[in-house]
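The residues making up each chain are set out below.
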Amino acid sequence: MKIYVLNGPNLNLLGIREPDVYGSGTYEELCSKIRSYGAEKDIEIEIYQSNHEGELVELIHKAFFAEADGIVINPAAYTHTSIALLDAVKSVNLPTVEVHISDVSAREAFRQQSYIRAACIATVAGKGFDGYIEAIKLLENQVKE
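In terms of nonpolar packing, the biggest core is built from 26 residues, with Val5, Leu14, Ile34, Val72, Tyr132 and Ile136 touching the most fellow members. Listing elements by their share of this core, those giving two or more residues are strand S1 (2-7), helix H2 (27-41), strand S2 (44-49), strand S4 (96-100), strand S5 (122-125) and helix H5 (130-144). If we skip the residues at most four places from it in the chain, Val72 touches Ile3, Tyr4, Val5, Leu6, Val97, Val99, Tyr132, Ala135, Ile136 and Leu139. In terms of nonpolar packing, the next biggest core, distinct from the first, is built from 20 residues, Tyr4, Leu6, Leu56 and Ile60 among them.

Inspection of helix H4 (residues 83-92) places Leu85, Leu86, Ala88, Val89 and Val92 among the buried residues, and these make up the whole buried set. Seen end-on, H4 carries its buried residues on one side only, within an arc spanning 165°. Exposed residues lying more than 90 degrees from the buried face of H4 are Lys90 and Ser91. Among the structural elements, helix H3 (53-65) and S4 are those in contact with the buried residues of H4. Sitting at the amino-terminal end of H4 is Ser82, which places a side-chain oxygen 3.4 Å from the backbone nitrogen of Ala84. Residue Asn93 follows H4 closely and has a positive phi angle near 55°.

On to the pattern of salt bridges. Tallied over the entire structure, the rule returns 4 salt bridges. In this structure, Glu98 and Arg117 form a salt bridge, with 2.8 Å as the shortest nitrogen-oxygen distance. On the criterion of sequence distance, the pair formed by Glu98 in strand S4 and Arg117 in the loop between S4 and S5 is long-range, its members being 19 residues apart. With a relative accessible area of 0%, Glu98 lands in the buried category. Among the salt bridges present, the one from Glu134 reaches Lys127, with a minimum N-O distance of 2.8 Å. By relative accessible area, Glu134 is classed as partly exposed at 31%.

Attention now goes to H2. Given a rise of 1.5 Å per residue, 15 residues ought to cover 21 Å, and the 21 Å separating the end C-alpha atoms of H2 matches this to within 8%. Among the residues making up H2, those that are buried are Tyr27, Leu30, Cys31, Ile34, Tyr37 and Gly38. Taken around the axis of H2, the buried residues stretch over an arc of 130°, which confines them to a single face. Exposed side of H2, more than 90 degrees from the buried face: Glu28, Ala39 and Glu40 are the residues found there. In this fold, the buried residues of H2 make contact with S1, S2 and H5. After H2 finishes, the residue Asp42 shows a positive phi value of roughly 55°.

The subject of this paragraph is the side chain of Ser114. Turning to its location among the elements, Ser114 is positioned in the loop between S4 and S5. Within the structure, Ser114 has its side chain in polar contact with the side chain of Glu98 (distance 2.8 Å). Among the polar contacts listed, one links the side chain of Ser114 to the backbone nitrogen of Arg117, at a separation of 3.2 Å. Ser114 has contacts with Thr79 and Glu98, leaving out every residue within four places of it along the chain.

Below, the discussion takes up the packing of H3 against H4. The contact between H3 and H4 brings their axes to 9 Å, and the two run at 5°. By the angle between their directions, the pair H3 and H4 is classed as roughly parallel. Along its contact with H3, which presents Glu53, Leu56, Val57, Ile60, His61 and Phe64, the element H4 presents Ala84, Leu85, Ala88, Val89 and Val92. Broken down by class, the residue content of the contact of H3 with H4 amounts to 9 nonpolar, 1 polar and 1 charged.

Criteria and thresholds
Residues numbered from 1 in each chain as written. Predicted model: local features only at pLDDT ≥ 70, side-chain atom pairs only at ≥ 80, totals over all residues. Heavy atoms only, no water. Core = buried A, V, L, I, M, F, W, Y, C linked by side-chain atoms within 4.5 Å. Buried < 20%, exposed > 50% of the residue type's maximum accessible area, 1.4 Å probe, protein only. Helix = DSSP H or I, 4+ residues; strand = E, 2+ residues; numbered from the N terminus. Contact = heavy atoms within 4.5 Å. Arc of directions from axis to C-beta. Polar contact = N/O pair within 3.5 Å; in protein donor to acceptor, adjacent residues only side chain to side chain. Salt bridge = Lys/Arg side-chain N within 4 Å of Asp/Glu carboxyl O. Expected span 1.5 Å × (residues − 1). Axes fitted to C-alpha atoms, helices over the stretch in contact; angles between N-to-C directions. Parallel < 35°, antiparallel > 145°, perpendicular 65-115°, else oblique. Nonpolar A, V, L, I, M, F, W, Y, C, P; charged D, E, K, R; others polar.

Function cannot be read off these values alone, since they describe shape.
See below:
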């Protein structure tokens, strides 16, 4: 099984950026947690982070051509603005889970809109770094079916 984990803008600053919202864990710690789970379950995991919308679109395409079984994506701020990411996920037709470290439903009004959600099989939010593992498990179950 192969899963792409894609992270949007400013997630490279985890541990620095608003620790009261995102916690004190670093991006490197997040990646380590995801890789450890993948190794334990014999899942090939590719992890990427970009602050650029077009690069994230290209990575969604790359997941398709690499024959990934699914995508976990934290679009970060692009969640609320990017029809391009929505269209990319719809175009490749890979099972995709939207994930957010914070509980976006309890945050600012503008964060209530998620464009990408329409193309996702599930959304996991407000579970910190563990939300990524839950998202991967959802993809594992989807592939088994």
